[in-house]
Amino acid sequence: MVSGRTLPSQKHESGNLARDSKSISILVMGSTGSGKTTLINLASGSKLRVSDSLHSCTEDVQTSIPFDVDGREVTLIDTPGFDDTNKSDVAVLDLVAHFLKQQYEQSKTLHGIIYLHRITDNRMNGSSTRSFRMFRKLCGDSTLKNVVIVTNMWNKVHVKEGESREAELRQDDRFFKPALDNQAKTARHDNTIPSVLDIIRKILPNTAAPLTLQQELVDHMKRLPETGAGIELRDGLKELEDRFMKELLDLKHELQEALKELKVVDAKEIKEELHNSRTGLVRIQNELKNLQAQAFGKMDAEGMWKSMSAEVRVAMMFKRVQAVTDDPDNDRFWSSLGDTIKTVKALATVFNAHPIPPHIQQALTVGGDSPRYTNVKAGIREWINTYPKTVQKLEKITEKAIAKAGKKKRGWKFW
Ligand SMILES: Nc1nc2c(ncn2[C@@H]2O[C@H](COP(=O)(O)OP(=O)(O)O)[C@@H](O)[C@H]2O)c(=O)[nH]1
Ligand SMILES: [Mg+2]
């Protein structure tokens, strides 16, 4: 038994990870096939499914069995990677975002994020660069100090070669340098338990903090395509679209030339390339369409969502402001309180403390039983139940919050 590691406890639910300093939760990211699931299984003794060379298999976000490191209960969170064989990047970001949003809504924040990168990749190809860029936007600069960029598969390269790649990754502005400049750490992983424990020990002293994506989705109530990661994804897809379009034009030109010169064999090859390029373009354009659909929302297409979203937002906001009074020492609210109060005030004036409008009731029927709406609906129900009391409490809460912020001298501006 390796020192510091005991048998994984069988407890699957670790309660409130943010508040219980004994519990450490770590998100593991990286492109498909970078070894995320393998690392998690190694550390935790979990048996999450590992992919073969052709197919990726982490379909969804999944958590490891909690396990002990130096007296702390660690949970590793596995994510589907970008550049997946079965899933578009849009679908992957949507899954990860959905998970992160739910966690943060339950006040669960992460102590660390491991980003895995294969040192065998001879350079950052387009998709690795896109994946890392999205990752950066998802974390934001302020949580980079909780990030450990881990290179693995060292046994598959010559040491010299690996070292020169590592140096390039560290020094290049397009790769890891900006993250390292913002206090991200690096580590090498040799696929052994001591090695993964070393990585986890770099994270144990961290303070849990929300990722930028979580703040954007929950505190600022953005939809995924409006977030930094969503915008980065769209930009990446647009770049690909442009590249495909240019390629198509070039190929068409080549084809004309070949036909003019009666080069039949060349023409046949070019036609094949044209076909592949067109297929690629259609795939990218479909992804862009999916992302676009999220921006405006299927819910909007259902007609009602748009008209009620302001009210739902009020409901969510009231809920959050109440949470501040229920748990005034929870630091997570302090970072967003300014926004929360501002929005509640603005939206409350729209309502002017009127009775609950009928379409709020109707909102509960939107989207049928889709789990997508479960949280929102729970928020609406709670709001309907607590609305009158909440309005009364609002002024008090606001005063209390401002007084507390003043006392803490943190200098937040609320208005
Ligand atoms: N040599 C080596 N192979 C690894 C390592 N980690 C994972 N692999 C292999 O890489 C493949 C992909 O691993 P997996 O954990 O499914 O990657 P994921 O898609 O990021 O979850 C599997 O065949 C693993 O056996 C490592 O550290 N070293
Ligand atoms: Mg996996």
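Residues numbered from 1 in each chain as written. Chains lettered and ligands numbered in written order. Predicted model: local features only at pLDDT ≥ 70, side-chain atom pairs only at ≥ 80, totals over all residues. Heavy atoms only, no water.

It is worth spelling out the overall build of the protein chain at this point. When you go through the protein chain residue by residue, the secondary structure sums to 14 helices and seven strands. When each of the 415 residues of the protein chain is scored for burial, the buried share is 49%. Long-range pairs, those at least 24 residues apart, make up 74% of the contacts in the protein chain with a sequence separation of at least 6. (Helix = DSSP H or I, 4+ residues; strand = E, 2+ residues; numbered from the N terminus. Buried < 20%, exposed > 50% of the residue type's maximum accessible area, 1.4 Å probe, protein only. Contact = heavy atoms within 4.5 Å.)

Moving on, we get to the pairing of strand 1 (residues 23–30). A regular strand places its side chains so that they alternate between the two faces of the sheet. Burial analysis of strand 1 places eight of its eight residues in the buried class, which makes it a mostly covered element. Burial along strand 1 is two-sided: Ser 23, Ser 25, Leu 27 and Met 29 and Ile 24, Ile 26, Val 28 and Gly 30, pointing in opposite directions, are all buried. Examined bridge by bridge, strand 1 and strand 4 (residues 72–78) share six bridges and lie parallel to one another. Paired with Ser 23 across the strands is Glu 73, a residue of strand 4. Direction of pairing for strand 1 relative to strand 5 (residues 112–118): parallel, over a ladder of five bridges. Paired with Met 29 across the bridge in strand 5 is Tyr 115. (Pairing = 2+ DSSP bridges.)

Glancing now at the nonpolar core. Within the largest apolar cluster, 54 residues are counted, with the highest numbers of intra-cluster contacts made by Leu 100 and Leu 138. The element best represented in this core is helix 8 (residues 228–260), accounting for nine residues. Here this core spans two domains, since at least three of its residues come from each of domain 1 (23–214) and domain 2 (224–296). (Core = buried A, V, L, I, M, F, W, Y, C linked by side-chain atoms within 4.5 Å. Domains from an automatic or database assignment.)

In the Ramachandran plot, Ser 107 falls in the positive-phi region, its phi being about 65 degrees despite a non-glycine side chain. Structurally, Ser 107 can be placed in the loop between helix 2 (89–105) and strand 5. The backbone phi angle of Gln 183 is positive, close to 75 degrees, even though this residue is not glycine. Checked against the element boundaries, Gln 183 lands in the loop between helix 5 (177–181) and strand 7 (185–188). A relative accessible area of 55% places Gln 183 in the exposed class.

So, on to the packing of aromatic side chains. Using the criterion set out here, one finds four aromatic pairs in the structure. Taking the ring centre of Trp 154 as reference, the NZ or CZ of Arg 188 above it sits at 4.1 Å. (Phe/Tyr/Trp six-rings, centres within 6.5 Å; stacked < 30°, edge-to-face > 60°. Lys NZ or Arg CZ within 6 Å of the ring centre and 35° of its normal.)

Here the focus is the pattern of salt bridges. Going through the model one piece at a time under the given rule, you end up with 14 salt bridges. Where Lys 101 meets Glu 105, a salt bridge forms, and the shortest distance between an N and an O atom there is 3.2 Å. Of this pair, Lys 101 and Glu 105 both sit in helix 2, four residues apart, which is roughly one turn of that helix. Residue Lys 101 is classed as partly exposed on the basis of its relative accessible area of 25%. Residue Glu 105 is classed as partly exposed on the basis of its relative accessible area of 28%. Sharing partners across several salt bridges, the network here consists of Arg 133, Glu 232 and Glu 239. (Salt bridge = Lys/Arg side-chain N within 4 Å of Asp/Glu carboxyl O.)

A few words on helix 8. Turn by turn, an α-helix covers 3.6 residues, leaving residues three or four places apart pointing in a common direction. For helix 8, built from 33 residues, the straight-helix expectation of 48 Å at 1.5 Å per residue is met to within 8% by its first-to-last C-alpha distance of 48 Å. Where helix 8 ends, the next residue or the one after it, Leu 262, has phi of about 60 degrees, a positive value. (Expected span 1.5 Å × (residues − 1).)

Turning to the packing of helix 2 against helix 8, a few remarks are in order. Between two packed helices, the angle of one axis relative to the other and the distance separating the axes together describe the packing. With their axes 11 Å apart at the nearest point, helix 2 and helix 8 run at an angle of 175 degrees to one another. In terms of orientation, helix 2 lies roughly antiparallel with respect to helix 8. Counted together, Asp 89, Val 90 and Leu 93 of helix 2 and Ala 229, Gly 230, Leu 233 and Leu 237 of helix 8 form the full contact between these two elements. Grouping the amino acids of the contact of helix 2 with helix 8 by side-chain chemistry returns five nonpolar, one polar and one charged. (Axes fitted to C-alpha atoms, helices over the stretch in contact; angles between N-to-C directions. Parallel < 35°, antiparallel > 145°, perpendicular 65-115°, else oblique. Nonpolar A, V, L, I, M, F, W, Y, C, P; charged D, E, K, R; others polar.)

Judged by side-chain charge, Glu 247, Glu 254, Asp 266, Glu 269, Glu 272 and Glu 273 come together as a negatively charged surface patch. Contributions of two or more residues to the negative patch are made by helix 8 and helix 9 (264–296). If one sorts the elements of the negative patch by residue count, helix 9 sits on top with four residues. The topology assignment puts Asp 266 in helix 9. (Patch = residues over 30% accessible without salt bridge, like charges linked within 9 Å, V, L, I, M, F, W, Y side chains within 5 Å. Areas by Shrake-Rupley, 256 points an atom, 1.4 Å probe, with all protein chains shown as cover. Lys, Arg positive; Asp, Glu negative; His and termini not counted. Charge placed at Lys NZ, Arg CZ, Asp CG, Glu CD.)

A word on helix 7 (residues 212–219). Of all eight residues in helix 7, six are buried, a share of seventy percent or more. Buried within helix 7 are the following residues: Leu 213, Gln 214, Glu 216, Leu 217, Val 218 and Asp 219. Just downstream of helix 7 lies Met 221, where phi reads positive at about 50 degrees.

The predicted coordinates should not be examined in detail at positions where pLDDT is low. The pLDDT averaged across the protein chain works out to 77; a share of 63% of its residues lies at or above 70. Predicted confidence is poor over residues 1–20, with pLDDT under 50, and the contacts of this stretch with residues over four places away or in other chains come to 47 contacts. Per-residue pLDDT stays below 50 along residues 296–309; that stretch engages in 23 contacts with residues further than four places along the chain or on separate chains. (pLDDT = per-residue confidence, 0-100.)

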